[in-house]
Amino acid sequence: MFERNHARYASYGTVAALPGEMIDAVWRIIDHDLQGFFPLSNLLTFELQNKDGKATYEYVQADESEGTLRIGFDTEFAFTTTLPEKVLAYDDGDSQIILLPSETIDE
């Protein structure tokens, strides 16, 4: 899951809600901080948090048997209340997309 050589996209809602640099930061976190360190499912959850006025991506991995893993990745991006509370990254095996929870079928 989430191999760099697969096509990567961002949904319309994500592009409208996040600057391009913040979208790129999600891919960097996946590639450099999560891949190879944690077993990744095909759906990843990132919550956007305010840490001293800067945006922090908090990776959330729920596991029924082991509880919930939360890892924060601080950024230099300014936090604003207009940012989405959560973004998702989905890998279907051929391509990957960053999207908002409201853009999923379950919502």
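Details of the structure are given in the entry above.
A quick note: this is a predicted structure, and the numbers were derived from the prediction, not measured.

The rules behind each value
Counting restarts for each chain: residues are numbered from 1 in the order of the written sequence. Only residues with pLDDT of at least 70 get local features here, since the model is predicted, and only at 80 or more are side-chain atom pairs given and counted; chain-wide, interface and lining totals rely on the full set of residues. Note that water and hydrogens are dropped before the side-chain values are worked out from all heavy atoms of the structure. Only buried residues count toward a nonpolar core. Its members are Ala, Val, Leu, Ile, Met, Phe, Trp, Tyr and Cys residues joined through side-chain atoms within 4.5 Å. Here the term buried applies to any residue with accessible area under 20% of the maximum for its type, exposed to any over 50%, and partly exposed to those in between, with areas from a 1.4 Å probe on protein chains only. Numbering of helices and strands runs from the N terminus; a helix is a DSSP stretch of H or I covering at least four residues, while a strand is a stretch of E covering at least two. Contacts are residue-level and defined by heavy atoms, with any inter-residue pair within 4.5 Å sufficient. Under this definition, polar contacts are N or O atom pairs within 3.5 Å; protein pairs additionally need one hydrogen-donor-capable and one acceptor-capable atom, and for neighbouring residues in sequence, both atoms have to be side-chain atoms. Aromatic pairs are defined between Phe, Tyr and Trp rings, using the six-membered ring for Trp, whenever the two ring centres lie within 6.5 Å; interplanar angles under 30 degrees are classed as stacked, those over 60 as edge-to-face, and all others as tilted.

**Observations regarding the nonpolar core**
- Counting residues in hydrophobic clusters, the biggest one holds 24 residues, and the most contacted among them are Ile30, Leu34, Leu44, Phe46, Tyr57 and Tyr59.
- Of all the elements in the fold, those that place two or more residues in this core are helix H2 (20-34), strand E2 (43-51), strand E3 (54-63), strand E4 (67-78) and strand E5 (86-91).
- Here this core gets 8 residues from one element, more than from any other, and that element is H2.
- In this view, Leu44 contacts Phe2, Ile30, Tyr59, Val87, Leu88 and Ala89; residues no more than four positions away in its chain are not counted.

**Considering unusual backbone geometry**
- Its identity is not glycine, yet Phe2 carries a phi of approximately 55°, on the positive side.
- Locating Phe2 in the fold gives a position in the segment before strand E1 (7-10).
- Residue Phe2 is classed as buried on the basis of its relative accessible area, which comes to 1%.

**Looking at the side chain of Gln96**
- Along the chain, Gln96 falls in strand E6 (residues 95-99).
- In terms of polar contacts, Gln96 uses its side chain to reach the backbone carbonyl oxygen of Glu3, at 2.8 Å.
- Among the polar contacts made by the side chain of Gln96, one reaches the side chain of Arg8 at a distance of 2.7 Å.
- Ignoring anything within four residues of it in the chain, the contact list for Gln96 reads Phe2, Glu3, His6, Ala7, Arg8, Tyr9, Trp27, Tyr90 and Asp91.

**Some remarks on the packing of aromatic side chains**
- Applying the stated rule across the entire model yields 2 aromatic pairs.
- Measuring from centroid to centroid gives 6.5 Å for Phe46 and Tyr57, while their planes differ by 90°, and the two rings are edge-to-face. One end of the pair, Phe46, is in strand E2; the other, Tyr57, is in strand E3, with 11 residues separating them in the sequence.
- In this structure Phe46 comes out as buried when scored by relative accessible area, which is 0%.
- Accessibility expressed as a relative area gives 0% for Tyr57, which makes it buried.
- Their ring planes at 45° and their centres at 5.7 Å tell us that Phe46 and Tyr59 sit as a pair that is tilted. Remark: Tyr59 occurs in strand E3 and Phe46 occurs in strand E2; sequence separation between them is 13 residues. Residues Phe46 and Tyr59 agree in their burial class; the two are buried.

Geometric values such as these leave the question of function open.
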